[in-house]
Amino acid sequence: MKLPQLAIKNHLFVLTTIALAVFLGIRSFNTMPRSEDPFLNLPNYTVVVVYPGASPEDMEELIVDPIEEVIGEIDDVTEIKTEIADGLAVIKVEVEFGVNYDDSYDDIVSEIDKIRPTLPDGIIQLDIDQFKPEDRVAVHQFALVSKTVAYNILNDIAEDFKDELETIDDIKKVEIEANPEEEIRITLDFQKMSNLDINLDMVINILQSNNLNIPGGNIKAGNIGFNIKTSGNYESLEEIRNTAIFSTENQIVYLRNIAEVNFDYEESRWIARHNGKKAIYINVTQKRGGNIIKLAEEINKTTTAFKQNLPNTISLETAFEQAPAVALRINDFILNLVQGILLVGLIILIFLGWRSSLIIMVVIPLSILIALTVLDLSGYALQQISIAALVIALGLLVDNGIVVIENILRFRRDGFSLMEAAAKGTSEVGYAIISSTLTTILSFAPLALLESGPGEFLRTLPLTVIFVLLASLVLALTFTPIIASRLLKKGKEKKTPLVTKKLNGFVEKHYSRLLNFALKKGTLVVLVSFGFLIASAALFPSIGISFFPTADKPMLLIDVKHPYSSNIDHTDKTLRYIESVLDTSGYVKNYTVNAGHGNPQVYYNRIPEEYKTYHGEVLVNFKEWNPKKFYATLQSLRERFASYPDAQISFRELKNGAPFAAPIEILLIGEEIDTLKSIAYEVERILKQTEGVMDVDNPLSVAKTDMSIEINRDKAALLNVPLITIDQTVRASLNGLTIDNLQIDKDNYPLVIRMPFSEKQVLEDFDRVFVTSSTGATLPLKQVASLRFKQNYATLNHFNTNLNTAVTANVSDPDKTKDYMEAIIPKLDAYKWPKGYRYYLGGEYESQSESFGDLGLLLGIALILIFAVLVLQFRSVTQPLIIFSAIPLAFSGSFIALFLTGWSFSFFAFVGFISLQGIVVNNSIILVDYTNQLISEGMEKMEAIKLAAKTRFTPIVLTSLTTILGLMPLTFSGTTLWSPLGWTLIGGMISSTILTLLVVPILYKWLTKNKTNKHLKK
């Protein structure tokens, strides 16, 4: 290899290039985006339709079926899940991973726009959202709080604050939420209208026609042209009140004679409070690529200045802020990185002396800075995954430098000059370190190809490790020989370090005897090793399997769910009880309450519920992350709320990974809702009887009582009352009907007509509703219709357009979700399913099964790729098999480490397994490669095996130690995300290092002949 020699000759160019890379790396570190978690690009879309007053059946027929039909025709759509409730439909669409997600969004919008004119006129909201955390997740949630100030004043102040915030560059969007919309309400007196023979259509038509602004054209007068202004639209409430509705010979009936016209608020759909006080929210989202730490500084400056002008009756408070958690998390990881560097540096110093260790240590920050530059250019941020990847790569990146320095020192001992030793020593091992680096890269590379939500979450880990290893490889072949040729001692080398002497003594006295025994009793040693593997695998059921762990954040979301007939006031009553309990806890920092809606999204995978009167949510912020206090408080709250009547109060910790509906979700699919109901009862019973399963929710278990207006069609026909008139009148009377929009003082207001209510609608109001016949006569609605109480299903659900229901549940121990499901599945299979009905497992179990299946496939791909590289390097099939023996030996140590430390086999532990296979084979490569060299030089096989094992003992132990020590700070951090991965790697490295030094020589003796390596003598 000529690269090291070229680098030494052109050292000024190489050093200048490295200096440029360092400059770019420092710049990237200072400017690249910072966030707590990766930005997820998931192919998920949500269509939300709000149509007040519509039953689930009407929503299904009029809205959901047409929308699902057109969405189902779009290419690449893989799943459609719909939840239908009173006046609300939420359609969740998933397309294939890897397609152009923006194009899929455009297709969905385009198809829905085509059928939009055919949908009902009363729809007040039809939103189509693409799952982009940067668009939805609030990095800062403010609560504008007051006990006494009216909502319209709070809204005006919020708008002013929004304008101030939007001047900050890194802010993408500022939204005001939980503020009831102000409207112009026209409350009609239907009895007066009936006495005057004024019908609803007449009022609507006159108001709409008077609100038109039609240009009157222009006229010329001499050299001057004049625009002609007609009556124009309404500009004040007084104009609306003075609208002439009806006239006779003696009088004119104005709108004020039959109605009251005032500003008012829409019916409450979302009630918000912060620390017990009335509030509206101002939510801030960050631009993709922004630095949240710097953004927070700008927001805090703006907030401090704005607060100074607020009246005493209003306060602006922070309900949630992401930046402090991000700063703390990043600082912790950087501390882990620094600690790892110091530990690695210490072990290298002990073994190699200060000159050699200094050269290797310089490579560490250079490799990291180069990797950060590439990571930044690739569009990725600095967050917990990418920083943890730097810690993981730390112990691996020094391996190349260690091998190069050791070989340079060997050439120095053989009498070569520093310049010659640097060039020859690096060239000789150049292809070997390329091969070993490639095998490690190939163990990580498949992880970057994982097409799933967890794959998106994980992607920066393999990419960062790959970038670091490639940087370290280039530096080992160029920078290291340049520095070594100048920094290593020119005179006689110092004596061997004391630790190395002791280790060499151990090799000669103890390892040699153990190796001789192993070679003589090879069958026994291999059987013991195999038994060790079997015994460790037997521990797996005790280890347990989990998916993504909890996020270890001092936050908690409390969900409140009532029977589906519950109104928002009933939900709010329960929330006030929860507030009273939270006020007694000294561990609670603050809380934010939401009735009728979920809290604005503050975590990337926790999507809030849309408008549901029976649902509420509380966001609780604790003073600090203290696992003992957190879980004690959580248990106390569970016990306190368990007996609360008429409401299901459940708790969910924030978890890492892609979003899912619930830990346990069982979808029941069929054709008839009544049959699904009976099946759902049985599934509910099964879940409740399963230990560890809690908060079981069966949406069909509680019937919803609705008031149905039964129209006597024959009587309506005899009285010439059109059915559409009845429907329109009922809606306008009881729910309110938006007939137009009006602009006053540059603000837009819906123009809504409805009946007068003192407070809330009551059944007696039905007697005050009148309808108009085709002949113009008015008559009471009760003459053609009557009220009936009717039990309906509160929600309807579709799965890929098929009718279904979903029974969901939480679990007491999130790490045992798979165990709970494996206890449930046989019971589901044993149930006698009616023909045409089936179940489908969703929730966390579905995500876990898919992801673990994908990881298993990637494990196989990585093994094949590594094997192919080894076959190319050794031109043999048997020798790669010998090298591969290190992998099962490593798995033994991983199982034992997880068992002893109490961590379950999580998604990230599986990631550690995949990574481990490329790391541990390097020790075997070093051993087999050197044995081949000795045999090619003419040494007898047994002598070569023994000499190679003893000679490579120290570098194998040293490289393993650097990897283990580099991982220790991250592993001992005790985080549920990284500790399982760290222990998987550390346990595997320990067992593979110990057993490789015994098993690989035995297998080499058995499977390799001298003639196998004759080609190496060339």
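That block above? That's the structure.
Values in this document were obtained by computation on a predicted structure and should not be read as measured data.

**Student:** What exactly am I supposed to notice about the pattern of salt bridges here?
**Tutor:** Opposite charge on two side chains allows them to pair when their charged atoms are near. For the structure on display, the rule yields 18 salt bridges. One salt bridge connects Arg-576 with Asp-572, and the closest N-O pair in it is separated by 3.5 Å. Residue Arg-576 and its partner Asp-572 are located together in helix α22 (residues 568-582), separated by 4 residues, close to a single helical turn. On the accessibility criterion, Arg-576 (44% relative accessible area) is partly exposed. Residue classification places Asp-572 among the buried positions, given a relative accessible area of 10%. The residue Lys-688 makes a salt bridge to Glu-684 at a minimum N-O spacing of 3.0 Å. You can see Lys-688 and its partner Glu-684 sitting in helix α24 (residues 673-688), 4 residues apart, about one turn around the helix.

**Student:** Before we go on, may I ask you to explain the sheet that holds strand β12 (residues 259-265) in this structure?
**Tutor:** Hydrogen bonds between backbone atoms are what pair the strands of a sheet, whose relative direction is either parallel or antiparallel. One open sheet accounts for 4 strands, arranged β12-β7-β24-β23; its pairing is mixed. A strand with exactly one partner marks an edge of an open sheet, and here the two such strands are β12 and β23 (737-744). Within this sheet the neighbouring strands show an average axis-to-axis angle of 25 degrees, counted without direction. Across 7 bridges, strand β7 (residues 182-188) lies against β12 in antiparallel orientation. Paired with Ile-184 across the bridge in β12 is Phe-263. Contacts from helix α8 (residues 200-210) reach β7, β23 and β24 (747-754), with the element oriented near 25 degrees to β23.

**Student:** Honestly, the pairing of strand β1 (residues 44-50) in this entry has me stumped. Any pointers?
**Tutor:** On any regular strand, side chains alternate: one points to one face of the sheet, the next to the other face. Across the 7 residues that make up β1, a large majority, 5, are buried. Relative to strand β3 (residues 88-95), β1 runs antiparallel, the two sharing 7 bridges. Residue pairing for β3: Val-49 is matched across the bridge by Ala-89. Bridge count between β1 and strand β4 (residues 125-130): 6 bridges; the pairing is antiparallel. Following the sheet pairing, Val-50 is matched in β4 by Gln-125.

**Student:** Mind showing me how you'd approach the nonpolar core here?
**Tutor:** Nonpolar side chains in soluble globular proteins tend to be buried together. Among the nonpolar cores identified, the biggest contains 190 residues, and Leu-165, Ile-282, Leu-461, Phe-907, Phe-908 and Trp-978 are the most heavily contacted of them. A per-element tally of this core places helix α14 (residues 384-413) first, with 18 residues. Not counting chain neighbours up to four residues away, the residues in contact with Leu-165 comprise Phe-142, Ile-171, Val-174, Ile-282, Val-284, Ile-299 and Thr-302. In terms of nonpolar packing, the next biggest core, distinct from the first, is built from 51 residues, Ile-63, Val-683, Val-811 and Leu-841 among them.

**Student:** Help me out: how do you make sense of the environment of Leu-396 in this one?
**Tutor:** Within the fold, Leu-396 resides in helix α14. Note: C-alpha distance between Leu-396 and Val-468 (72 residues apart in sequence) is 9.1 Å. Apart from the residues lying within four places of it in its own chain, the contact partners of Leu-396 are Thr-440, Phe-444, Leu-469, Ile-919 and Thr-963.

**Student:** Explain a nonpolar patch on the surface here, please?
**Tutor:** Nonpolar side chains collect at one region of the surface, where Leu-346, Leu-349, Ile-350, Trp-354, Leu-358, Val-362 and Val-499 lie side by side and expose about 550 Å² of accessible area between them. If you list the elements that add at least two residues to the nonpolar patch, you get α12 (323-352) and α13 (354-377). Relative to the assigned elements, Ile-350 resides in helix α12.

**Student:** Is there a simple way to explain unusual backbone geometry in this structure?
**Tutor:** Excluding glycine, a negative phi dihedral is what most residues carry, and trans is how most peptide bonds are arranged. Residues other than glycine seldom take positive phi values, yet Ala-178 does so here, at roughly 65 degrees. Within the fold, Ala-178 resides in the loop between β6 (171-177) and β7. Exposure remark for Ala-178: the relative accessible area of 5% places this residue in the buried category. Phi at Asn-800 is positive, roughly 50 degrees, even though this residue is not glycine. Its place among the elements puts Asn-800 in the loop between β28 (796-799) and β29 (802-811).

Calculation rules
Residues numbered from 1 in each chain as written. Predicted model: local features only at pLDDT ≥ 70, side-chain atom pairs only at ≥ 80, totals over all residues. Heavy atoms only, no water. Salt bridge = Lys/Arg side-chain N within 4 Å of Asp/Glu carboxyl O. Helix = DSSP H or I, 4+ residues; strand = E, 2+ residues; numbered from the N terminus. Buried < 20%, exposed > 50% of the residue type's maximum accessible area, 1.4 Å probe, protein only. Pairing = 2+ DSSP bridges. Axes fitted to C-alpha atoms, helices over the stretch in contact; angles between N-to-C directions. Contact = heavy atoms within 4.5 Å. Core = buried A, V, L, I, M, F, W, Y, C linked by side-chain atoms within 4.5 Å. Patch = residues over 30% accessible without salt bridge, like charges linked within 9 Å, V, L, I, M, F, W, Y side chains within 5 Å. Areas by Shrake-Rupley, 256 points an atom, 1.4 Å probe, with all protein chains shown as cover.

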